[in-house]
Amino acid sequence: MKKIKGNSVSSGVAIGKAKIIKKQELHIERKKIHRNEVKVELSRFKEDINFVIKELDKLIQDYTYSKENRDILESHKMILQDPEFKNRISKLISDELITLEQAINTYFNEAIDIFSSMSNKYLSHKVNDFEDVAYRLLSHIMDERKDVLEDVDDNSILIMENISPSFVTKVFEKNIQGLCTERGSRNSHSSIIARSMNLPMLVNTLGLLGNINDGVDLIIDGNNDYVIISPTKSVLEKYKAIYKEEQNVRKGLLKLIDVESITKDGKKINLMSNIEIPQEIDQVLKYKSAGIGLFRTEFLFIDREDLPTEEEQYEIYKNIAEQSLPNSVIIRTIDVGGDKLSNILNIAYEENPNLGYRGIRISLQNIPIFKQQIKAILRANMNGNIKIMFPMISGVNELHKVKEIIELCCDELSTAGIPYNADMEIGAMIEIPSAVITSDSIAEECDFLSIGTNDLIQYTLAVDRDNQSISDYYKPTHPSIIRSIKLTVDNAHKMGKKVAVCGEMASEIKYVKLLLALGVDELSVSPGRLLIIKKEIIDCDIAEMKTKLDKILTCKTSKEINKLI
Ligand code: PEP
Ligand code: MG
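Every chain begins its residue count from 1, and numbering advances along the sequence as written. Each chain is given a letter, starting from A, and each ligand a number, starting from 1, according to the order in which they appear as written. Owing to the predicted nature of the model, reporting of local features is limited to residues with pLDDT of at least 70; listing and counting of side-chain atom pairs is limited to 80 or more, with chain, interface and lining totals taken over all residues. Excluding hydrogens and water, the side-chain figures rest on all heavy atoms present in the structure.

Okay, the side chain of Asn381 next. Numbering goes from the N terminus for both helices and strands, where a helix is a DSSP run of H or I of at least four residues and a strand is a run of E of at least two. Structurally, Asn381 is set in the loop between helix H12 (367–380) and strand S12 (386–390). Here Asn381 falls in the buried class, since its relative accessible area comes to 0%. Polar contact criterion, stated in full: a pair of N or O atoms within 3.5 Å, where within protein one must be able to donate a hydrogen and the other to accept it, and residues adjacent in sequence count only if both atoms are side-chain atoms. A polar contact is formed between the side chain of Asn381 and the backbone nitrogen of Ile386, at a distance of 3.0 Å. Contacts were defined at the residue level, with two residues in contact if any of their heavy atoms lie within 4.5 Å. Ignoring sequence-local partners within four residues, the contact set of Asn381 consists of Ile386, Asn421, Asp423 and Met424. Burial here depends on accessible area, computed with a 1.4 Å probe over protein chains only, as a share of the maximum for the residue type. Under 20% is buried, over 50% is exposed, and the range in between is partly exposed.

Here the coordinating atoms are restricted to nitrogen, oxygen and sulfur within 2.8 Å of the metal centre, or 3.2 Å for Na, K and Ca, and because water is not among them the sites may look incomplete. Taken together, the protein donors to the magnesium ion (ligand 2) comprise Glu431 (OE) and Asp455 (OD), at separations of 2.0 to 2.1 Å. Here Asp455 lies in helix H16 (residues 453–460) and Glu431 lies in the loop between strand S13 (426–430) and helix H14 (433–437), a separation of 24 residues in the sequence.

Before going further, it helps to spend a moment on the packing of helix H17 (residues 479–494) against helix H20 (residues 542–554). For every element, the axis is a line fit to its C-alpha atoms; helices are fit only across the contacting stretch, and the angle between N-to-C directions ranges from 0 to 180 degrees. As a packed pair, H17 and H20 sit with axes 9 Å apart at the nearest point and diverge in direction by 125°. Between H17 and H20, the angle is such that the two are oblique. When you trace H17 past H20, the crossing you get is left-handed. For the pair formed by H17 and H20, the contact residues are Ile482, Arg483 and Lys486 on the first element and Leu549, Ile552, Leu553 and Thr554 on the second. Each residue gets one label: Ala, Val, Leu, Ile, Met, Phe, Trp, Tyr, Cys and Pro are nonpolar, Asp, Glu, Lys and Arg are charged, and the others, such as Gly, are polar. When grouped by side-chain class, the residues that make up the contact of H17 with H20 number 4 nonpolar, 1 polar and 2 charged. Comment on the angle field: the value is read as roughly parallel under 35 degrees, roughly antiparallel over 145, roughly perpendicular from 65 to 115, and oblique elsewhere. In this scheme the crossing of two helices becomes right-handed for a clockwise turn of the near helix relative to the far one and left-handed for an anticlockwise turn of less than a right angle.

Only protein atoms enter the 1 Å grid, on which a cavity is a set of points fitting a 1.4 Å probe that cannot get out and a pocket is an open set with protein on both sides within 12 Å along at least 5 of 7 lines, lining residues being those with an atom within 4 Å of a point. Grid points are joined across faces, edges and corners, and a volume is the space filled by probe spheres set on the points. Scanning all chains against the criterion turns up 1 cavity of 30 Å³ or more. By volume, the largest cavity amounts to about 80 Å³. The wall of the largest cavity is formed by 15 residues, among which Arg296, Arg332, Met429, Glu431 and Asn454 lie closest to the centre. Only strand S10 (292–296) and H16 provide two or more residues apiece to the lining of the largest cavity. Grouping the constituent residues of the lining of the largest cavity by class yields 3 nonpolar, 4 polar and 8 charged.

It is worth spelling out the pattern of salt bridges at this point. Note on definitions: salt bridges are taken to be side-chain nitrogens of Lys or Arg within 4 Å of carboxyl oxygens of Asp or Glu. With the rule as written, the count across this model stands at 28 salt bridges. Between Arg44 and Glu41 there is a salt bridge, with its nearest N and O atoms 2.9 Å apart. Residue Arg44 and its partner Glu41 are located together in helix H1 (residues 38–60), separated by 3 residues, close to a single helical turn. Looking at Arg44, the relative accessible area reads 24%, which means it is partly exposed. On the basis of relative accessibility, which here comes to 8%, the residue Glu41 falls in the buried class.

Under the convention used throughout, the expected extent of a helix is 1.5 Å for every residue step, that is, one less than its residue count. Spanning 13 residues, H20 covers 19 Å between terminal C-alpha atoms, matching the ideal 18 Å at 1.5 Å per step. Of all bends in H20, the biggest is about 40°, found at Lys548. Among the residues making up H20, those that are buried are Ile542, Met545, Leu549 and Ile552. Looking at the buried side of H20, the elements it contacts are H17, helix H18 (509–517) and helix H21 (558–564). Capping the start of H20 is the job of one residue whose side-chain oxygen sits 3.3 Å from the backbone nitrogen of Ala543: Asp541. Bend, at a single residue, is the angle you get between axes fitted to the 7 residues ending at that residue and the 7 residues starting at it.

Looking now at the site of ligand 1. Any residue with a heavy atom positioned within 4 Å of a molecule or strand is treated as near that molecule or strand. Around ligand 1, 17 residues are found, and the nearest of them are Arg296, Arg332, Gly452, Asn454 and Asp455. Interatomic distance of 2.8 Å between a backbone N/O atom of Asn454 and an oxygen atom of ligand 1. Contact between ligand 1 and Arg465: an oxygen atom at 2.9 Å from a side-chain N or O atom of the residue. Burial of ligand 1 by the protein chains amounts to 100% of its free accessible area of 290 Å². To measure how exposed things are, a 1.4 Å probe is used in the Shrake-Rupley method; for residues, cover is taken only from the protein chains shown.

What follows covers the domain arrangement of the chain. It is common to give the size of an interface as the accessible area that goes away when the parts come together. What fixes the domain bounds is an automatic or database domain assignment. Looking at the chain, the domain boundaries give domain 1 (2–20 + 154–166 + 175–252), domain 2 (35–141) and domain 3 (257–564). Relative placement of domain 1 and domain 3: their C-alpha centres are 29 Å apart. The partner domain 3 presents 21 residues to the 17 residues of domain 1 that form the contact. Of the roughly 1700 Å² buried between domain 1 and domain 3 on both sides combined, carbon and sulfur atoms contribute 49%. For any pair of parts, buried area is found by adding up, for both, the accessible area (1.4 Å probe) each one loses once the two are put together. Its largest share of buried area at the contact with domain 3, domain 1 owes to Asn187, His189 and Ser196, together 36% of the area lost on that side. Connecting domain 1 to domain 3 are 0 salt bridges. Where domain 1 touches domain 3, the interface holds 1 residue pair in polar contact (both at pLDDT 80 or more). When contributions to the side of domain 1 that touches domain 3 are tallied by element, the ones reaching two or more residues are helix H6 (165–171) and helix H7 (189–196).

What follows is the structure, encoded as structure tokens:
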């Protein structure tokens, strides 16, 4: 038996068998191409190589990697940038009339043969590098990074090096027990999505992959932040009992489905859900959520080859809005960028992606794509229960621009004789400090505000939400965050507008009473957290919590605030 430390993304115990998710075998089809196909293969080569170089650049900039790892990645980039490599691939395609995949395979197999026959130990190690680069390039070209989940059983605990937001949504479709990644951070989008699945998950379990094989017994203890490899019989029995107890608590919570979320002192709190993929509507309905407080639509744009059409988006939004009736659905326009990459939106490599081309900035620079999304939303709003919300608003300027675009979309739909309903509330996410400070003007310009605490913490405290090595600085109860929430709520209320919190702070039991005492009107949480948060709301006496508020607002450190809550 062995224990490995990690950081828990969602609490709870999981018991199962290890299933390592690693690279796929690639099957390269042998086939000749016609001379007039050479041009297409060469331009594919150019595009794909640029994509993989950008991907490597991003990893090289990732300081959660050790210097040694980053040096290796740098050497991989050099292999791809070598003019001899590019010439040889072009020549193989043009002279031998073979596909790009075969040319790359041939080139790397030759290189691997040469290096593996060398007696020089340093050079023979280069074989691993060539194998790695070949795999990275070919798996991208062949789009083979997908089907790794095919033979995953229900009792599996998946183990992988790291996980991207788009891959978590695929895991969501599987019935597994838990998930561990050797890297990653609690606050990344992947972790948020995993949490919404209510699945025990640990990140940062360094050394786990080197200590297990497929099929080994594993226990994730998400309550104490470690994973147990090959537990003894008595440990296994102990955890089986804890697991059973947790299932009972979960069952007990089901009794709250039909109970209203009203505090002890009688305030009704709208408790809504955050969804990332349309399938999550099932959980929203099952737990009778008071609507959808955040639909992260960017997941419709991630991990696919082409843009979703207006029609495709319209169908999805209409469906979700209809199923949610009589409750409302807040559709947030795409918030790609940062750790949510999309190859179809051509986001170039950036030094500081979280401070760069992200959210509303991308929409405002890609007006045709933005208009398609807005038109789809306007058309889907025939029952009038959709609200639209914009991410990464830094001030009123962006709101003025989006309002103009909404008007333009209405004009175009009217001219084309397409039915739509523009009677739709407009909301802004408050997740950048400049938006907090100007929240009075922003509230005046729109119908509601929703505080995105995940980014607000990242930007206020200047701490990358994806970087586990500085995660101690990521403090939801830092006095600056609590005062920012208070300022936003007060400014919105002065303008007669409501404020929700849709960041992860709303999904954490320990912050619920504080948020309500700060005057937050609505909470939007992962569907899997709805009932446990409802329990906390029912148990909350806002008036009593408010007696502590003056003191909380004068605290100098998050430690002092944590003590008071
Ligand atoms: C947030 O920033 O708190 C938020 C809800 O948006 P996202 O996590 O998608 O950035
Ligand atoms: Mg955000």
